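Reading the structure
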Amino acid sequence: MWPGEESGRDAHRGTDRKTGEPLLRSPILDYLDAIVESTGHVVSGAPADYIPELAAADPDRVAVALCTVNGTVYASGDADHEFSIQSMSKPFAYALAIEDHGLEYVLDRVGVEPSGEAFNELSLDPETGRPRNPMINAGAIATHTLVRDDQRPAVDRVLDLFSDLAQRPVRIDEGLAASELETGDRNLGLAYLLHASGRLGQDPAAAVAGYVRQCSANVTVRDLALMACTLANGGVQPNTGQRLFSRRTTRHLLSVMASCGMYDAAGDWLTSVGIPAKSGVAGGSSGCSPARWGWRCSPRAWTPTATARAAWS
Ligand code: GLN
């Protein structure tokens, strides 16, 4: 650590917490600033608009945060701005389902093969009838129903997990969830497909409602760096020391993120960037280098990987 730095989510305010003296600036912050600056010219693409509320997102917000496995968060840009976690929730819900039921049980119901298709493709594996993997929507809806509801909705357990990972209460953006549900026919179609193949032990509409609320949890880039860092740290939250996932679950999850986390761009991502990662349709991507750091960036909403690529190249 650099002089004045503290381990914990408030590290890197730029001044010493007690004396208010300016801290010696870590070169990591300069590096992150340079990444944010060097991707400022990116103006291609457009915010996702199939969820009406997402279309209203400010595409000029940008941030990048990196959390080292000692729990120090380095951030640049709008790192405390809240936005919805969307598909970056999928790995964590998957890990929770594995912790609840064991890996074999979950593997019986959701595969681990890259689909090579878009995230919302209306298809199941024709041979097994399972969703191909837990990162595409079919697999994520099935996975959500595997999270045990201990006398309260599964989504509440997912929220508690997010809060433990981020070290602060994480809440749902209910307006956004309602907006997605209004136009959620495709996810409903997937849930009915799963139900018809005997792969959904729940009412399809209830499964989609729970899954959509999971995706509508509001987080910041700083939160997501800590969340990813917990995976880099073998399942232990680096600041609280709480073990949230077993090593075996974490290792399995990181393999699935590496092979399936970027959907039909997974191969391109793995060969050009090379770390387990997950994207979200609200405009970000999150990844980690096991045993080193977790990282999250929210570049302009329409180019979720531009800042990520800059960070790693
Ligand atoms: N909630 C979104 C959906 O189901 C998540 C998609 C994503 O982030 N790729 O369509």
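Everything in this summary refers to the structure shown in the same document. Remember, predicted model here, so these are calculated numbers, not experimental data. (Residues numbered from 1 in each chain as written. Predicted model: local features only at pLDDT ≥ 70, side-chain atom pairs only at ≥ 80, totals over all residues. Heavy atoms only, no water.)

**Quick notes on the site of the ligand**
To keep things clear, this is the line we draw: Proximity criterion: a residue is near a molecule or strand once any of its heavy atoms comes within 4 Å of it. Here a polar contact means two N or O atoms within 3.5 Å. Within protein one must be a hydrogen donor candidate and the other an acceptor candidate, and residues neighboring in sequence count only if both atoms are side-chain atoms. The Shrake-Rupley method, run with a 1.4 Å probe sphere, supplies the accessible areas, and residue values consider only the shown protein chains as cover. The classification used treats Ala, Val, Leu, Ile, Met, Phe, Trp, Tyr, Cys and Pro as nonpolar, Asp, Glu, Lys and Arg as charged, and all other residues, Gly among them, as polar.
Taken together, the neighbourhood of the ligand is formed by Y50, Q86, S87, F119, N137, E180, N187, Y211, C215, Y263, G280 and V281. With respect to the ligand, the side chain of Y211 contributes an N or O atom lying 2.7 Å from an oxygen atom. The backbone of V281 places a nitrogen or oxygen atom 2.8 Å from an oxygen atom of the ligand. When isolated, the ligand has an accessible area of 300 Å², and the protein chains bury 98% of it. Grouping the constituent residues of the shell around the ligand by class yields six nonpolar, five polar and one charged.

**Things to note about the packing of aromatic side chains**
What describes a pair of aromatic rings is the distance from one ring centre to the other and the angle between the planes of the rings. The following threshold applies: Any pair of Phe, Tyr and Trp rings, taking the six-membered ring for Trp, is counted once the centres come within 6.5 Å. Such a pair is stacked with planes under 30 degrees apart, edge-to-face with planes over 60 apart, and tilted for the rest. Counting from the N terminus, the helices are DSSP H or I runs at least four residues long and the strands are E runs at least two residues long. We call a residue buried when its accessible area falls under 20% of the maximum for its residue type, exposed when it is over 50%, and partly exposed in between, using a 1.4 Å probe and counting protein chains only. Lysine and arginine charges are scored as sitting over a ring when NZ or CZ, respectively, is within 6 Å of the ring centre and within 35 degrees of the ring normal.
Enumeration according to the criterion identifies three aromatic pairs in this entry. Centroid distance Y50 to F119: 6.1 Å. Interplanar angle 45°. Geometry classified as tilted. Residue Y50 is found in the loop between α1 (27-38) and β1 (63-68), and its partner F119 is found in the loop between α3 (103-109) and α4 (137-146); the two are separated by 69 residues along the sequence. Looking at Y50, the relative accessible area reads 37%, which means it is partly exposed. Centroid distance F119 to Y263: 5.7 Å. Interplanar angle 40°. Geometry classified as tilted. Taken together, the residues F119 in the loop between α3 and α4 and Y263 in the loop between α10 (247-260) and α11 (266-272) connect sequence positions 144 residues apart. Ring pairs connect the aromatic residues Y50, F119 and Y263, which therefore count as one cluster. A cation over an aromatic ring shows up here: R109 above the ring of Y105, its NZ or CZ 3.5 Å from the ring centre.

**A closer look at the packing of helix α2 (residues 90-101) against α4**
Formally: Between N-to-C directions, angles span 0 to 180 degrees; the directions come from axes that are lines fitted to C-alpha atoms, helices contributing only their stretch in contact. Should an angle fall under 35 degrees it is taken as roughly parallel, and over 145 as roughly antiparallel, whereas 65 to 115 is taken as roughly perpendicular and any remaining angle as oblique. Helix crossings get a hand from a simple test, with the near helix turned counterclockwise from the far one by less than a right angle marking a left-handed crossing and a clockwise turn marking a right-handed one. We call two residues in contact whenever any of their non-hydrogen atoms come within 4.5 Å of each other.
Between α2 and α4, the shortest axis-to-axis distance is 9 Å and the interhelical angle comes to 40°. Between α2 and α4, the angle falls in the class oblique. Our pair here, α2 against α4, has a crossing hand that is left-handed. In contact with K90, A93, Y94, A97, D100 and H101 of α2, α4 contributes N137, A140, T143 and L146. Residue composition of the contact of α2 with α4, by class: five nonpolar, three polar and two charged.

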